[in-house]
Amino acid sequence: MIEVKNVSKSIHKTDVLNNVQFNIRPGTITGVVGRNGAGKTTLLRMISGIIKPDTGDISVDSQDIFQQPQIKQNIVFVPDSTDALKTYTIKEIVKFYKVVYPNFDEDYYFSLLDQFKFKKSGKIKQLSKGQEALFSLILAFSTNSKYILLDEPTDGLDVIIKKEILKFIAEEVAKKDVSIIISSHRLDELEKMADHIVVLKDGSVDSEIEMESLKEQYKKIQVAYQDQFPEDVLQNIEVLSQNGRVGIVLLEALDEEGEAILKSYEPILYEELPLSLEDIFVTKLGGELYVS
Amino acid sequence: MHILLNPTSNNPIYEQIIQQVKERILQGVVIAGDKVPSVREMSAQLTVNPNTVSKAYKELEREGIFVTFRGKGTFISEDVHELVQEREVKHLKEQAEQLVQSAKQAGVSKEEMKSWIDELFQKGGERHD
């Protein structure tokens, strides 16, 4: 288990993370979402022990990552670009990784390279962007680490390699007892892959969502009224969109009060719609768009 | 076994998997004794969290639709057809209930409806026999 406790960090006098707290359960996939600049990458770098928090603790299997750095053998951080590795060859990198990760499985590494039809020689910088993304995952999963942190693993990739990468992650999670943290803007992907979602907003945890119960936690309702769309509804209910008499609103599943408001104006249409993670994202984080 | 997830469904993914496995059985696409993909294969195929697939598989096992033999894999149970059919009949009954409800609202009489149903059964009968 990874425990992030009251973590704050400012960089160049700007608060990047502010009292962040959440846990990563073993054997699960956690998605970290948030708008650009919400602090996702900083958070991942911190969990992997690359940068220190100003205040707060991060522990991995009850060991503090900064006081007992050997625990880092169990954590791999895969950044969204492999610039740091570029000058190595595909063979050289093994030696380097073996020093940092004693459990690195060389046979497995080369068998994966085979499976994905990589050449076994040449420098990493010769790989295409898609190959590079896949390569850094192969490298990460070959370390046999218990925790793998992925920073936007499918960002900017074509659909085919994207699908290949997601498949690979799913297979690895099924095979090994590994926990994954993925920061991503691809909510549709996270919706299928994640057990748990941490929503970051302005450097703080805005909310946490269990994917399994997402569709039980919230209801998306399309509602239409005979006359005007009631002001009361616009003011007091989370309205995702509204156009004339018709509106789409989001309610917490047990929000009887909200439901009562919607129904008190005698809607001519009241229909539940399928809910996606995107709806939650827009509701929780979209407000910022209209500020300033 | 081909499963297609519907991203706009109101049902959680594990329920969609359960539902579709049952549909495939009713369609005869998979039959008793067939081997089903492992959790790993299925989650890779759907690019879905293995925990989700595993949850669906456990439920299907609990319902007696899947059986797992250690070291051999997971199979469609031998008496699956009855199981699924039973549930399908129940489902049909619920649909009929809705249909009758709608008929009442639309002012269609019981006799009228019965005559439709007789007609439909006859048509179907001709086609099959």
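Residues numbered from 1 in each chain as written. Chains lettered and ligands numbered in written order. Predicted model: local features only at pLDDT ≥ 70, side-chain atom pairs only at ≥ 80, totals over all residues.

Examining the overall build of chain B
Point 1. Per the secondary structure count, chain B includes five helices and three strands.
Point 2. Starting at the N terminus and walking to the C terminus, you meet the elements of chain B as α-β-α-α-β-β-α-α.
Point 3. Taking 129 residues into account, the globule formula puts the C-alpha radius of gyration at 14 Å, and chain B, at 19 Å, lies well above it.
Point 4. By residue count, 20% of the 129 residues in chain B fall in the buried class.
Point 5. Pairs at least 24 apart in sequence give 53% of the contacts found in chain B among residues at least 6 apart. (Helix = DSSP H or I, 4+ residues; strand = E, 2+ residues; numbered from the N terminus. Rg over C-alpha atoms; globule rule 2.2 N^0.38 Å. Buried ≥ 20, exposed ≤ 12 C-beta atoms within 10 Å, placed from the backbone. Contact = placed C-beta atoms within 7 Å.)

What about the interface of chain A and chain B?
Point 1. Facing the 19 residues of chain A at the interface are 15 residues of chain B.
Point 2. Broken down by secondary-structure element, the contributors of at least two residues to the side of chain A that touches chain B are helix 5 (159-175), helix 6 (187-193) and helix 7 (211-217) of chain A.
Point 3. Considering each element in turn, the side of chain A that touches chain B owes the most residues, eight residues, to helix 5 of chain A.
Point 4. Tallied by class, residues from the side of chain A that touches chain B come to eight nonpolar, one polar and ten charged. (Nonpolar A, V, L, I, M, F, W, Y, C, P; charged D, E, K, R; others polar.)

Considering the nonpolar core
Residue and element names in this part refer to chain A.
Point 1. Core analysis: the largest hydrophobic core is formed by 85 residues, its most contacted members being L137, I148, L149 and I180.
Point 2. Looking at this core, the element that brings in the most residues is helix 4 (residues 129-142), giving eight residues.
Point 3. Excluding anything up to four places from it in sequence, I148 contacts V76, V78, A140, F141, V178 and I180. (Core = buried A, V, L, I, M, F, W, Y, C linked by C-beta atoms within 7 Å.)

Here we look at the sheet that holds strand 13 (residues 246-252) of chain A
All names here are of chain A.
Point 1. The strand order 12-13-11-14 describes an open sheet built from four strands, whose pairing is antiparallel. Every interior strand has two partners, whereas the edge strands, strand 12 (238-243) and strand 14 (269-273), have only one. The average undirected angle you get between the axes of adjacent strands in this sheet is 20°.
Point 2. The sheet contact formed by strand 11 (residues 218-224) and strand 14 spans five bridges and is antiparallel. When the bridges of strand 14 are listed, Q222 appears paired with E271.
Point 3. The strands touched by helix 10 (residues 277-285) within the sheet are strand 11, strand 12 and strand 13, with strand 12 carrying the most contacts at an inclination of about 100°. (Pairing = 2+ DSSP bridges. Axes fitted to C-alpha atoms, helices over the stretch in contact; angles between N-to-C directions.)

As for the domain arrangement of chain A
Residues and elements named next belong to chain A.
Point 1. In terms of domain boundaries, chain A breaks down into domain 1 (2-202) and domain 2 (214-285).
Point 2. The C-alpha-based centres of domain 1 and domain 2 are spaced at 37 Å.
Point 3. At the interface, eight residues of domain 1 touch six residues of domain 2.
Point 4. Counting residues per element, the ones that place at least two in the side of domain 1 that touches domain 2 are helix 6 and strand 9 (196-201).
Point 5. At three residues, the largest contribution of residues to the side of domain 1 that touches domain 2 is made by helix 6.
Point 6. Of the residues contributing to the side of domain 1 that touches domain 2, the split by class is four nonpolar, one polar and three charged. (Domains from an automatic or database assignment.)

Observations regarding the UniProt feature "domain: ABC transporter" (unreviewed entry) in chain A
Point 1. In the UniProt entry, the feature "domain: ABC transporter" (unreviewed entry) is given for residues 2-227 of chain A.
Point 2. In residues 2-227 of chain A, the share of helix is 32% and the share of strand is 30%. The end C-alpha atoms are 53 Å apart. (UniProt positions renumbered as here; feature names shortened; annotations may be inferred.)

Description of the pairing of strand 7 (residues 147-151) of chain A
Both faces of the sheet carry side chains from a regular strand, because those side chains alternate between them.
All names here are of chain A.
Point 1. Burial analysis of strand 7 places five of its five residues in the buried class, the great majority of the element.
Point 2. Alternating residues of strand 7 divide into Y147, L149 and D151 and I148 and L150, and every residue in both groups is buried.
Point 3. Where strand 6 (residues 75-78) and strand 7 come together, four bridges link them in parallel fashion. Counterpart to V78 in the pairing with strand 7 is L150.
Point 4. Pairing of strand 7 with strand 8 (residues 179-183), which is carried by five bridges, proceeds in the parallel orientation. Bridging across to strand 8, I148 finds its partner in I180.
Point 5. Regarding the hand of the β-α-β motif, the stretch spanning strand 7, helix 5 and strand 8 is right-handed. (Right-handed = clockwise from strand over helix to strand, strands pointing away.)

Things to note about the UniProt feature "domain: HTH gntR-type" (unreviewed entry) in chain B
Point 1. In the numbering used here, UniProt assigns the "domain: HTH gntR-type" (unreviewed entry) feature to residues 11-79 of chain B.
Point 2. Helix and strand shares over residues 11-79 of chain B are 52% and 14% respectively, and the end C-alpha atoms of the span are 27 Å apart.

Some points on the sheet that holds strand 6 of chain A
Strands belonging to one sheet form pairs held by backbone hydrogen bonds; the direction of such a pair is parallel or antiparallel.
All names here are of chain A.
Point 1. Ordered in space as 6-7-8-3-9-10, the six strands form an open sheet in which the pairing is mixed. With partners counted over all chains shown, the strands left at the sheet margins are strand 6 and strand 10 (204-210), one partner each. Here the strands of the sheet are splayed against their neighbours by 15° on average, with no regard to which way each runs.

Examining unusual backbone geometry
Residue and element names in this part refer to chain A.
Point 1. At N144, a position not held by glycine, the phi torsion is positive, near 60°.
Point 2. Note on placement: N144 falls in the loop between helix 4 and strand 7.
Point 3. Phi at E152 is positive, roughly 45°, even though this residue is not glycine.
Point 4. In this structure, E152 sits in the loop between strand 7 and helix 5.

Comments concerning the environment of B:K123
All names here are of chain B.
Point 1. As for its position among the elements, K123 is in helix 5 (residues 110-128).
Point 2. K123 sits in the exposed class, given 10 other C-beta atoms within 10 Å.
Point 3. As for K123 and E82, which are separated by 41 residues in sequence, their C-alpha atoms are 26 Å apart.

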